[in-house]
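These are the residues of each chain, in order.
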Amino acid sequence: MRVLGVDPGLTRCGVGVVEGVAGRPLTMVGVGVVRTPSDAELGLRLVAIEQGIEAWLDEHRPEFVAVERVFSQHNVSTVMGTAQASAVAMLCAARRGIPVALHTPSEVKAAVTGSGRADKAQVGAMVTRLLRLDAPPKPADAADALALAICHIWRAPAQNRLQQAVALHAATAGKAATAVQAARAAQAARESNAPKGRPA
């Protein structure tokens, strides 16, 4: 499985590609940051992020894209920029038919470090260890992107099982509902065809 992790941001959008399967050593394929100038017009910054992510998709051909789920913070302008960059990443993937998964920061931290409250230094250290790197990727946005990809690889089997269970339940429930409707229709047909009693 090859996953592109995207840590969205307007000024620095972290990107990292990891390959492997759960339970086996993982390999970093590439890591970097898509940057935009803070004084540029918003639309142009979003175009630059789109072009950067498209270049990563062209070069690495991931099977999945994992994006950090945006949560509200005290700084509304920062949240807005992060959400806009996140939407661009999802759009780029969806346009190519690549499945997109959203993971919360605490999910990523818990998956990589074992604690949903780990700080960036702890995440970077564990990413370095898990991918057998010489040093933590810099800046932290790049390490976070790799952590997102690792999180998705490790969580995907469980998520797939859950999705299959939900689909099976829905299919079984649908068949049961169809059977009930058929039984009711048959009963109604029998009642309408039954001979009527003669009036007194």
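Here is what the cut-offs are and how they apply
Residues numbered from 1 in each chain as written. Predicted model: local features only at pLDDT ≥ 70, side-chain atom pairs only at ≥ 80, totals over all residues. Heavy atoms only, no water. Pairing = 2+ DSSP bridges. Helix = DSSP H or I, 4+ residues; strand = E, 2+ residues; numbered from the N terminus. Axes fitted to C-alpha atoms, helices over the stretch in contact; angles between N-to-C directions. Contact = heavy atoms within 4.5 Å. Buried < 20%, exposed > 50% of the residue type's maximum accessible area, 1.4 Å probe, protein only. Arc of directions from axis to C-beta. Polar contact = N/O pair within 3.5 Å; in protein donor to acceptor, adjacent residues only side chain to side chain. Salt bridge = Lys/Arg side-chain N within 4 Å of Asp/Glu carboxyl O.

**Describing the sheet that holds strand β3 (residues 27-35)**
- Strand order in the open sheet formed by 5 strands is β3-β2-β1-β4-β5, and the pairing between neighbours is mixed. Each edge of the open sheet carries a strand with a single partner, namely β3 and β5 (100-103). Sheet twist, expressed as the mean angle between neighbouring strand axes with direction ignored, is 20°.
- Pairing geometry for strand β4 (residues 64-68) and β5, over 4 bridges, is parallel. Its bridge partner lying in β5, Val67 is registered against Leu102.
- The strands touched by helix α1 (residues 42-60) are β1 (2-7), β2 (12-19), β3 and β4; relative to β3, the strand with the most contacts, the crossing angle is about 160°.

**Notes on helix α4 (residues 120-130)**
- Among the residues of α4, Val123, Gly124, Val127 and Thr128 are the ones counted as buried. Each buried residue of α4 sits inside an arc of 135° when the element is viewed along its axis, so together they form one side. What points out from α4, more than 90 degrees from its buried face, is the exposed set Ala121 and Arg129.
- Two or three places before Ala121, at the opening of α4, Asp119 has a side-chain oxygen 3.2 Å from that residue's backbone nitrogen.
- Arg132 lies just past α4 and shows a positive phi near 55°.

**A word on the side chain of Glu54**
- Structurally, Glu54 can be placed in helix α1.
- Residue Glu54 is classed as buried on the basis of its relative accessible area of 14%.
- Within the local environment of Glu54, its side chain forms a polar contact with the side chain of Arg96, the two groups lying 2.5 Å apart.
- When neighbours within four sequence positions are excluded, Glu54 is seen to be in contact with Cys92, Arg95 and Arg96.

**Overview of the pattern of salt bridges**
- Under the definition given, this model contains 8 salt bridges.
- Its salt-bridge partner being Glu19, residue Arg2 comes within 3.0 Å of it at the nearest N-O pair. Placement of Arg2 in strand β1 and of Glu19 in strand β2 is noted, with a sequence separation of 17 residues between them.
- Taking the relative accessible area as the measure of exposure, Glu19 reaches 32% and is therefore partly exposed.
- A salt bridge links Asp141 to Arg12; its shortest N-O distance comes to 2.9 Å. Linking Asp141 in helix α5 (residues 140-193) with Arg12 in strand β2, this pair joins segments that are 129 residues apart in sequence.
- Judged by relative accessible area, which is 36%, Arg12 ranks as partly exposed.

That's the geometry; what it means functionally is another story.
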